[in-house]
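Summary of the model geometry
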Amino acid sequence: MTMRRTRLLALVGIALLVANPLAFAASGTAEPLAPTPLVSYAARIVGDDARTRIVLDFREKPQASVRYIGNPDRIVVDFPATNFTFPASDLAPTGLFRDIRFGSIDASHSRVVLTAKKATKLTLTDIRENEGGKGYRLILDAEMTDADTFAKLVASQAWNADAYSAGKAASIAQDPPPSSSDFLIAVDAGHGGIDTGAIGRTTHIAEKTITLAFAKAFAAELNKQKGIKAFLTRDSDVFLSLSQRVTLARQKGANLFISLHADMLSQSDIRGATVYTISDKSSDRLAEAAAARENQSDEVGGVDAPEAPHEVSDILQDLTRRETQAFSISMAKAVVEQFSGQVKLINNPHRYAGFRVLQAQDVPSILLEMGFLSNKQDEHLLSDLTWRKKLVHLLVEAVKEYRQPLLANKG
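Every value quoted in this text rests on a predicted model; they were computed, and no experiment measured them.

1. A few points about the overall build of the protein chain
Helix and strand counts for the protein chain stand at ten helices and 15 strands. Sequence-distant contacts in the protein chain: of pairs separated by 6 or more residues, those separated by 24 or more amount to 74%. Summing over all exposed atoms, the protein chain offers an accessible surface of approximately 20800 Å²; the carbon and sulfur share of this is 53%.

Given below as structure tokens:
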């Protein structure tokens, strides 16, 4: 009886082991099963040479950690074991990145490696639940930065992985915008480098040369004013994309962005200054055509336009954009008021259109066409030092007029 019971228990034990190998794992007779891999089933990337967004969709909520590596500059995103089921073409390098690779490192880890064209940092990292409970999406927003900031990121590796995995913004050690009580203005000299802009019909002077001369004089005069500081987006004959100009203004914490231009029209009899603000809908055909010409700067410089704008994360961003637009209009009105009777203005001098260089959601921005190089009188004035000083003085007065109610409200 005892022998039969022993044989029966042995057979039962073998049967249990076959049915459930983990039943005896505690005794060290079997290895535990590997965790089920995450599944990333979709990806997309949009952006330009100043900002780029990457979105990865997951069936389950992912965990991730991020680090920076130099030479070449890379951003590395590590995951637990993950099956990337989307085609590689969905993450084709674009914008700030010249190479993107993803896949398994070993049985327990996977990785996405983003090789940057230049120094780049992440400004937003977020894990959000998709609508209708259909999985999660990981959002990575990258932005151009300077070499010193990237070197600090590589050295510190100060990334809060727990907060990141919980869907909060990561904590990265980087230089914040300068804290100052001064009113900071970004003065943008239109065009530059390979992008010459318009060319004078009689003097053959390039728009990029005129705008830089005016920008330097304007910034110098602003810096003489109490409580006002100005900086140039470019201080030499170099090419900057439209998005780079916007990003520089935002990174430095500008309170106001003023872009200077001197356009060319097919009608040589039209002359005078025009002030533009941004709008989804153009005020008229002249404004629409002007925006189209100015937006071609990227194409001239060999920069691909972004495929789509960054996602709007919440209604607060839209409210910020509306408030910024109202301030932009106030600045445009101040310029028109100062110029009236002093500087020739075209009819309806404040116009609006979809200028990409005015797209900063949180920086009031205007584009000033100081005159037209297609008109002989304007062309002469744009090269005249005395007229330049007069225009610069009036612009400074417009800035002071715009700023006055902000000072009254401690804004």
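2. Comments concerning the side chain of Gln244
Relative to the helices and strands, Gln244 is located in helix α5 (residues 242-251). Polar contacts involving the side chain of Gln244 include one to the main-chain amide nitrogen of Ser241, which spans 2.9 Å. What Gln244 contacts, discounting residues up to four positions off in sequence, is Asp49, Ala50, Lys118, Met144 and Phe239.

3. Let's talk about the sheet that holds strand β13 (residues 273-278)
Here we have six strands laid out as an open sheet, ordered β11-β10-β12-β15-β13-β14, and mixed in their pairing. Each end of this open sheet is capped by a strand with a single partner; those strands are β11 (228-232) and β14 (345-353). Taking the axes of each pair of neighbouring strands and ignoring which way they run, one obtains an average angle of 20° across the sheet. By the bridge criterion, three bridges tie β13 to strand β15 (residues 365-372) in an arrangement that is antiparallel.

4. A closer look at the pattern of salt bridges
One pass over the full model with this rule turns up 17 salt bridges. Note that Arg101 and Asp99 form a salt bridge whose closest N and O atoms lie 3.0 Å from each other. Take Arg101: its relative accessible area is 57%, and that puts it in the exposed class. The shortest N-O distance in the salt bridge between Glu143 and Arg250 comes to 3.6 Å. One end of the pair, Glu143, is in strand β9 (residues 136-144); the other, Arg250, is in helix α5, and 107 residues separate them in sequence.

Calculation notes
- Residues numbered from 1 in each chain as written.
- Predicted model: local features only at pLDDT ≥ 70, side-chain atom pairs only at ≥ 80, totals over all residues.
- Heavy atoms only, no water.
- Helix = DSSP H or I, 4+ residues; strand = E, 2+ residues; numbered from the N terminus.
- Contact = heavy atoms within 4.5 Å.
- Areas by Shrake-Rupley, 256 points an atom, 1.4 Å probe, with all protein chains shown as cover.
- Polar contact = N/O pair within 3.5 Å; in protein donor to acceptor, adjacent residues only side chain to side chain.
- Pairing = 2+ DSSP bridges.
- Axes fitted to C-alpha atoms, helices over the stretch in contact; angles between N-to-C directions.
- Salt bridge = Lys/Arg side-chain N within 4 Å of Asp/Glu carboxyl O.
- Buried < 20%, exposed > 50% of the residue type's maximum accessible area, 1.4 Å probe, protein only.

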